[in-house]
Amino acid sequence: MSQFRYQARDRQGMAQRGLLQAAGPREALGQLERRGMTVIQLDAVGTDPVPATPPRTRRIRAQDRILLLEELATLLEAGVSLAEAAQSLESAYRHHPLGLPLTRLRRTVQGGRNVADAFREAHLGLPDYAHVLVESGEAAGRLPAALRDAARQLDYERTIAQDIRNALVYPAFLVGAGTLAVLAIFVIVVPRFSSLLSSGRGELPVISRWVIEGGLLVQQHLLPVTLALAALVGATVFALRHEGMRQRLLGGLARLPLTGPWLRDSETGRWATLLGTLLAHRVPLLDALSLSARALRLPQDRRRLGGLTDELRRGRALSEALSEQDWIAATRINLIRVGERAGELPRMLGELGRLQTESARTRMKALLALIEPVAIVTIGGVIGFIMVAVVLAITSLNTAGL
């Protein structure tokens, strides 16, 4: 049994505090609730009131953030106060990576701060637009809806990223297996024909000599070659995790004929969906544009939206400013124009985001369908070249012996 110090209010609203014995925080909360008390704070005596996180996994996943926002919205919709909801979630996630951020959230709320400040000081790893949605939802008295919209936008971004990762698994496996096959041929098969280099029974074709000598070189320096390949893979992974390198890579891919349209449609869909969500929660247009621009991954698109903000400050309409940029198709800009005229801009931006996202997924499927045969042909071509070189060496040896 553990001892807990509590602060609570009874049925008459009077403040109560004291100590109790319980097997854990959940049981302690249950005891106080059965007494008709509303718990304000509950700490284990002699321990740090900040919940411990498990040593194996301290990283908060995107799915954890989405689930937390959904649960908090559900509790608020059920009539639970924010302080009680934060206390309940803190207890439920005590041994989870979300435990420490929820403790900060609960303390900030109990200190009388607004919800937006509580979320910022909790350090949940939410993007800027999520904090703005919370702030606007609190101001408009629609906090549960704002939390659900923030969760929906986070889930949208997580789904797109997961779709891309899942789609790239097979091509990556194919390229990796093909590379290993080529190395195995170089290390195991090709060096067996090294005696042909010194046989003196005929002149080997140039490609045969290159392949056999290359195989011998790889076999003799197998450890340095392996270390070099491992270093190359490690440098690639590090570069992809580095924000600056990732931005430059995406910028380069956006200029290519096949990957460029896919990335542009994906970015446009993300931007339109987020902008529509922000406007639906009464975020001012210029602020919403600035926040939605920060969610974009391509530097050139962020620069375009920076210029767009300047145009809107001069009094121009969003559709008019967009029509002068080679970013969104004219037929899609019509959706924005109709939304402006009908006073339904958030809904039309949401529709634009849906159309652009579907277009991006179609392009992605076409691109990935092209990657597979290209990888097969490339790897097969390399292996075929090696085999042809070996066969030519054998044939030249037999011809010289006749």
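Since the model is a prediction, treat every value here as computed from it, not as a measurement. Within every chain, residues take consecutive numbers counted from 1 along the sequence as written. Note on the predicted model: pLDDT of at least 70 is required for a residue's local features to be given, and 80 or more for side-chain atom pairs to be given and counted; whole-chain, interface and lining totals, by contrast, use all residues. To obtain the side-chain values, all non-hydrogen atoms of the structure were included, while hydrogens and water were left out.

Outline the side chain of Ser208, supporting the account with residue identities and numerical values.
Mapped onto the elements, Ser208 comes out in helix H8 (residues 206-220). Polar contacts, as used here, are pairs of N or O atoms within 3.5 Å; protein pairs need one atom able to donate a hydrogen and one able to accept it. Residues neighboring in sequence count only if both atoms are side-chain atoms. Within the structure, Ser208 has its side chain in polar contact with the backbone oxygen of Ala389 (distance 2.5 Å). Filtering out sequence-adjacent residues up to four positions away, Ser208 remains in contact with Ala389, Leu392 and Ala393. Runs of H or I in DSSP of at least four residues are treated as helices and runs of E of at least two as strands, each being numbered from the N terminus. Contacts between residues were defined by any pair of non-hydrogen atoms, one from each residue, lying within 4.5 Å.

Can you explain helix H12 (residues 285-294)? Please cite residues and give values.
Buried means the residue's accessible area, taken with a 1.4 Å probe over protein chains only, is under 20% of the maximum for its type, while exposed means over 50%, and partly exposed covers the values in between. For H12, the set of buried residues is Ala288, Leu289, Leu291, Ser292 and Ala293. The inward-facing, buried residues of H12 contact helix H6 (128-140), helix H11 (259-280), helix H13 (299-313) and helix H14 (318-323).

An account of helix H15 (residues 330-342) is requested, with residue identities and associated values reported.
Helix span, expected: 1.5 Å multiplied by one less than the number of residues in the helix. Here H15 is 13 residues long and its end C-alpha atoms lie 18 Å apart, about the 18 Å a rise of 1.5 Å per residue gives. Among the residues of H15, Ile333, Ile336 and Gly339 are the ones counted as buried. Buried positions in H15, seen along its axis, are confined to an arc of 110° and lie on one side of it. For H15, the exposed residues set more than 90 degrees away from the buried face come down to Ala330, Thr331, Arg341 and Ala342. Just beyond H15, the residue with positive phi is Gly343, at close to 70°. Working note: the arc is built from the helix axis to C-beta atom directions.

Any details on the nonpolar core? Residues and values, ideally.
Nonpolar cores were defined as sets of buried Ala, Val, Leu, Ile, Met, Phe, Trp, Tyr and Cys residues, with membership established by side-chain atoms within 4.5 Å. Ranked by size, the top nonpolar core spans 57 residues in total, and within it Phe119, Leu147, Trp271, Leu278, Leu318 and Leu322 carry the most contacts. When near neighbours in sequence (up to four residues on either side) are disregarded, Leu278 contacts Tyr129, Val132, Leu133, Val283, Ala288, Leu291 and Ser292. One finds Ile160, Leu250, Ala254 and Leu367 within the second-largest nonpolar core, a separate group that totals 12 residues.

Could you give an account of the packing of helix H2 (residues 62-77) against helix H7 (residues 143-189), with specific residues and numbers?
Note on geometry: axes are C-alpha line fits, over the in-contact stretch for helices, and angles between N-to-C directions span 0 to 180 degrees. Look at H2 against H7: their axes get within 9 Å of each other, and the N-to-C directions meet at 160°. When the axes of H2 and H7 are compared, the pair comes out roughly antiparallel. Viewed along their axes, H2 and H7 form a crossing whose handedness is left-handed. Between H2, through Ala62, Gln63, Arg65, Ile66, Leu69, Glu70, Leu72, Ala73, Thr74, Leu76 and Glu77, and H7, the contact on the second element is made entirely by Leu143, Pro144, Leu147, Arg148, Ala150, Ala151, Leu154, Asp155 and Arg158. Under the convention adopted here, Pro, Cys and the residues Ala, Val, Leu, Ile, Met, Phe, Trp and Tyr are nonpolar, Asp, Glu, Lys and Arg are charged, and Gly plus all remaining residues are polar. Its residues assigned to classes, the contact of H2 with H7 comprises 12 nonpolar, two polar and six charged. Working rule for angles: under 35 degrees goes down as roughly parallel, over 145 as roughly antiparallel, 65 to 115 as roughly perpendicular, anything else as oblique. Two helices crossing with the near one rotated counterclockwise from the far one by less than a right angle form a left-handed crossing, whereas a clockwise rotation gives a right-handed crossing.

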